[in-house]
Structures are given as C-alpha cells and as structure tokens.
Amino acid sequence: MTDASGEEGEILEVDADITNEGDVQDTQTIELNLDPVPDGETNPIDTEDVENLDPTNTDEAVLTWNTEEGDAGTYTVTVQSDDDSKEISVEVTADDGGI
C-alpha cells in the first residue's frame, strides 16, 4: 500500500496490491476506511471489487477519498479485505488558498 497525503478539497488516492494467498480463485470487495471518520462521511469511504483473482496472483486496487474543506488532519486509513487489513497514517493539509 502506498503512502497517501494531500490537501483538503483534493482526491486522496490509495493504491493497494491485493494478493490471493489461498488455493482457489477468489473474488473479494476491498474497503477503504478512515479513523476518525470526517463529518458527513461513513465507512467504507470507497470500495473496489477484485474479481476472479487466481491463487498467488496479485492485482491492484485503487481506492479514493474526495476530501472536502474542513477535512484537514491526520487519519488512519485502513484497506481491508475479508482476510486481511493494512493501515497507514495520512495527513490532509488545509487549503492555503493556492498561489
């Protein structure tokens, strides 16, 4: 999973490599969850289906969060499947008015 950060009002993108460590082809829904959850949002923030992944194969899931004004802060981002989860810390900075 790649580190992600950005400015409020931008789209924060999290790229996660999903590997089927089982013995059979599998399909799972990958979720992006935030802690704390910003006002007006609910977990999961985003989902992506990884379909028909063969054993030992890896696919990339790209999950996004459309940050808004007021979302500045530090968040724990969890990418989760039925079998595993990974966490990273992300920083959303305040919009400086951009020049």
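In the block above lies the structure referred to throughout.
How each quantity is defined
Residues numbered from 1 in each chain as written. Predicted model: local features only at pLDDT ≥ 70, side-chain atom pairs only at ≥ 80, totals over all residues. Heavy atoms only, no water. Phe/Tyr/Trp six-rings, centres within 6.5 Å; stacked < 30°, edge-to-face > 60°. Helix = DSSP H or I, 4+ residues; strand = E, 2+ residues; numbered from the N terminus. Buried < 20%, exposed > 50% of the residue type's maximum accessible area, 1.4 Å probe, protein only. Contact = heavy atoms within 4.5 Å. Pairing = 2+ DSSP bridges.

Time to look at the packing of aromatic side chains. For the structure on display, the rule yields one aromatic pair. Centroid distance Trp65 to Tyr75: 5.0 Å. Interplanar angle 75°. Geometry classified as edge-to-face. Taken together, the residues Trp65 in strand β5 (residues 58-66) and Tyr75 in strand β6 (residues 73-80) connect sequence positions 10 residues apart. The burial state of Trp65 is the same as that of Tyr75; both residues are buried.

Along the polypeptide, Thr78 turns up in strand β6. Judged by its relative accessible area of 13%, Thr78 is buried.

Here we come to the environment of Leu32. The residue Leu32 is located in strand β3 (residues 26-35) in this model. C-alpha of Leu32 to C-alpha of Glu7: the two residues are 25 residues apart in sequence and 18 Å apart in space. Setting aside chain neighbours within four positions, we find Leu32 in contact with Val14, Asn43, Pro44, Ile45, Asp46, Leu63, Thr64, Trp65, Val77, Thr78 and Val79.

What follows covers the sheet that holds strand β7 (residues 85-93). A sheet is described by the order of its strands in space; here five strands give the open sequence β1-β7-β6-β3-β4, paired in mixed fashion. With partners counted over all chains shown, the strands left at the sheet margins are β1 (6-7) and β4 (46-53), one partner each. Note that β3 and β6 share five bridges and pair antiparallel. Counted as the bridge partner of Asn33 is Thr78 from β6.

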